[in-house]
Amino acid sequence: MKPTLDSDLLRTFVAVADAGNFTKAAVQAGRTQSAVSMQMKKLEDMVGDSLFERGSRGVALTRRGGELIVNARRIVSLLDETAASMVATPLGGPVRIGIPEEYGHAILSRALGAFAKRHPQVDITVRYAHSGAQIAALAAGELDLAVVFEWQDLSGGEVLMHDPTVWVTSELHHMHEERPVPIALYNRAGWCKDFAIKSLEQRGLAYRVAYTSDTNGGLRLAVTSGLAIAPISRSNIPAGCRELTAADGFGDIDSSNVVLRRNPNASGEAIVSMEEAIREAFTNR
């Protein structure tokens, strides 16, 4: 007979897997460690196999545990979304968001997915552009919320994460070994001159501009195709590529903070709710 899995057991299972420790999971769940251990023993009895390997530093998922965690996360997430949709008051109206292209899929898609389930009547407009343009649009009243990079002075906005820009090379093409090193840059001068090029000049690296683009996707393409190295935020390094460190003769280009800014004249529950969804998406990235 197929086991009937209890959602409460799955929620505790996810908590233990995330914490890597029964004690930490118990604190997060507001239970005793013995209660959590009993729940996991019950779940293991249901599936007929061990889910965790116990060690001196905590626990790790077994092969069977790794198979179960995928569906367990989906079930817990769906239950949370359903509960939120049942208690949330449906909202309406427009929300205008500005965000860097590199966070469109990884972050914004998650925020929009959670938000749309709760508030399907809200009209959402998203603008992808560089931070200078987003800040100008926010000041002009064309945006309600903007996620931007801040490299030096903080604006007083909410810091969502620290995500420095680094030089990135393809692990296949090794373009960083060429001299002069071919680089890909944005086709706007300010940040490139003040940060990207300056970081090369400070290290005495000869370079040539081999490729320019107005999007982050264009820079990623230049790197992955072997045209050049490029300045890319650390969280957005493409597969098959790597950061160039001091050991390679390079280093961090800037010390970017990713900041959430809100139009002071923008109000409404839909905007507040979207602000919370973006914040949560960055927290759970």
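A quick note: this is a predicted structure, and the numbers were derived from the prediction, not measured. (Residues numbered from 1 in each chain as written. Predicted model: local features only at pLDDT ≥ 70, side-chain atom pairs only at ≥ 80, totals over all residues. Heavy atoms only, no water.)

Here's the deal with the layout of surface pockets
A water-sized probe, rolled over the atoms, reveals where empty space remains. A volume near 550 Å³ is recorded for the largest pocket. Ser-77, Glu-81, Arg-110, Glu-280 and Asn-284 are, among the 18 residues lining the largest pocket, the residues nearest its centre. Of all the secondary-structure elements, those providing two or more residues to the lining of the largest pocket are α1 (7-19), α4 (63-87), α5 (104-118) and α9 (269-283). Broken down by class, the residue content of the lining of the largest pocket amounts to seven nonpolar, three polar and eight charged. Domain assignment of the residues forming the lining of the largest pocket places at least three in each of domain 1 (7-87) and domain 2 (93-162 + 257-284). (1 Å grid on protein atoms, 1.4 Å probe; cavity = no way out; pocket = protein on both sides within 12 Å on 5 of 7 lines; lining within 4 Å. Points joined across faces, edges and corners; volume = space filled by probe spheres on them. Helix = DSSP H or I, 4+ residues; strand = E, 2+ residues; numbered from the N terminus. Nonpolar A, V, L, I, M, F, W, Y, C, P; charged D, E, K, R; others polar. Domains from an automatic or database assignment.)

Some details on the environment of Gly-249
Inspection of the secondary structure assignment puts Gly-249 in the loop between β11 (241-243) and β12 (257-262). Separated by 45 residues in the primary sequence, Gly-249 and Gly-204 have C-alpha atoms spaced 9.4 Å apart. In this structure Gly-249 touches Arg-203 and Leu-205, once residues within four positions along its chain are discounted. (Contact = heavy atoms within 4.5 Å.)

Focus: the pairing of strand β1 (residues 52-55)
Inspection of the sheet shows β1 paired to strand β2 (residues 58-61) by four bridges, in the antiparallel sense. In the strand pairing of β2, Arg-54 is matched with Val-59. Between β1 and β2, which follow one another and run antiparallel, lie two residues. (Pairing = 2+ DSSP bridges.)

Re the UniProt feature "domain: HTH lysR-type" (unreviewed entry) in the chain
The positions UniProt marks with the feature "domain: HTH lysR-type" (unreviewed entry) are residues 5-62. A distance of 18 Å separates the end C-alpha atoms of residues 5-62, which is 62% helix and 14% strand. (UniProt positions renumbered as here; feature names shortened; annotations may be inferred.)

Things to note about the packing of α1 against helix α2 (residues 22-29)
Packing of α1 against α2 brings their axes to within 8 Å, and their N-to-C directions diverge by 130°. With respect to each other, α1 and α2 are oriented oblique. Crossing of α1 against α2: the hand is right-handed. In contact with Ala-15, Val-16 and Ala-19 of α1, α2 contributes Phe-22, Lys-24, Ala-25 and Gln-28. Across the contact of α1 with α2, the residue classes tally to five nonpolar, one polar and one charged. (Axes fitted to C-alpha atoms, helices over the stretch in contact; angles between N-to-C directions. Parallel < 35°, antiparallel > 145°, perpendicular 65-115°, else oblique. Left-handed = near helix turned anticlockwise from the far one by under 90°.)

Observations regarding the packing of aromatic side chains
Evaluated as defined, the whole model comprises six aromatic pairs. Measuring from centroid to centroid gives 5.8 Å for Phe-22 and Phe-52, while their planes differ by 70°, and the two rings are edge-to-face. Highlighted residues: Phe-22 in helix α2 and Phe-52 in strand β1, separated in sequence by 30 residues. Using a relative accessible area of 9% as the deciding quantity, one classes Phe-22 as buried. By relative accessible area, which is 4% here, Phe-52 ends up buried. Taken together, the aromatic side chains of Phe-13, Phe-22 and Phe-52 make up a single cluster linked through ring pairs. Across the ring face of Tyr-186, the terminal group of Arg-188 is positioned such that the distance to the ring centre comes to 4.2 Å. (Phe/Tyr/Trp six-rings, centres within 6.5 Å; stacked < 30°, edge-to-face > 60°. Buried < 20%, exposed > 50% of the residue type's maximum accessible area, 1.4 Å probe, protein only. Lys NZ or Arg CZ within 6 Å of the ring centre and 35° of its normal.)

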